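Residues per chain are reported as follows:
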Amino acid sequence: QVQVTETGGGSVQAGDSLRLSCVSSKRTASNNAIGWFRQTPGKEREFVASISWRGERTTYADSVKGRFSISRDNVKNTAYLQMNSLKPDDTAAYYCAVGRGPYAGSDRQGYQYWGQGTQVTVSS
C-alpha cells in the first residue's frame, strides 16, 4: 500500500500563486505516473495534470494550461503542482494520485492510490 499526502493548500487572492506538494510513502511510486485532480462539492473529480514516471511527459487540462505546472523529484518521492494566476474557478479540493503504471492520463481509472486532498480557495 502506498500512502499519498498532499500539502500546500490555502486561501489566496485571485492572481496569486500556490505550490502543492504530494509525498508518496514508497519509492515504488517513483516508477509510476503522478496525477493531480480537483473536486468541488456536487461535482465529479476532474483531471488537472499528470506527469510520467521520469517526468518527460506532462499533460494538462485545458482550463489550467499556461498557468499550472507539474513536476516531480523522484529522489524525494515528491511531486509538485505549481499554480500561478489563480482564479476563483480554481477553488476546489486538490487530490494527488499515483498511477497504475509509468504513464497515465486524465482517466481516474488509471490511478490506484489517492491522497486525502488539500483545499485551495481563491477569492476575487
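Given the structure is predicted, the values throughout are model-derived calculations rather than measurements. (Residues numbered from 1 in each chain as written. Predicted model: local features only at pLDDT ≥ 70, side-chain atom pairs only at ≥ 80, totals over all residues. Heavy atoms only, no water.)

Peer 1: What is the right way to look at the pattern of salt bridges in this model?
Peer 2: Two side chains carrying opposite charge are able to pair once their charged atoms lie near each other. Per the counting criterion, the structure on display carries 6 salt bridges. Taking the shortest distance from any N to any O, the salt bridge between arginine 38 and glutamate 46 comes out at 2.6 Å. One salt bridge connects arginine 38 with aspartate 90, and the closest N-O pair in it is separated by 2.9 Å. On the criterion of sequence distance, the pair formed by arginine 38 in strand β4 (residues 34–39) and aspartate 90 in the loop between β8 (78–83) and β9 (92–99) is long-range, its members being 52 residues apart. Comparing arginine 38 with aspartate 90, the two get one shared label, buried. (Salt bridge = Lys/Arg side-chain N within 4 Å of Asp/Glu carboxyl O. Helix = DSSP H or I, 4+ residues; strand = E, 2+ residues; numbered from the N terminus. Buried < 20%, exposed > 50% of the residue type's maximum accessible area, 1.4 Å probe, protein only.)

Peer 1: What's the story with the state of the cysteines in this structure? I'm lost.
Peer 2: In protein chemistry, a disulfide is the covalent bond that joins the sulfur atoms of two cysteines. Summed over all chains, the structure comprises 1 disulfide. Disulfide pairing is shown between cysteine 22 and cysteine 96; the S-S distance is 1.9 Å. Across the S-S bond linking cysteine 22 and cysteine 96, the dihedral sits near -75°, which makes this disulfide left-handed. Of the two residues, cysteine 22 is situated in strand β3 (residues 18–24) and cysteine 96 in strand β9; the sequence distance between them amounts to 74 residues. Given a relative accessible area of 0%, cysteine 96 falls into the buried group. (Disulfide = S-S within 2.5 Å.)

Treat this as a map of the structure, not an account of what it does.
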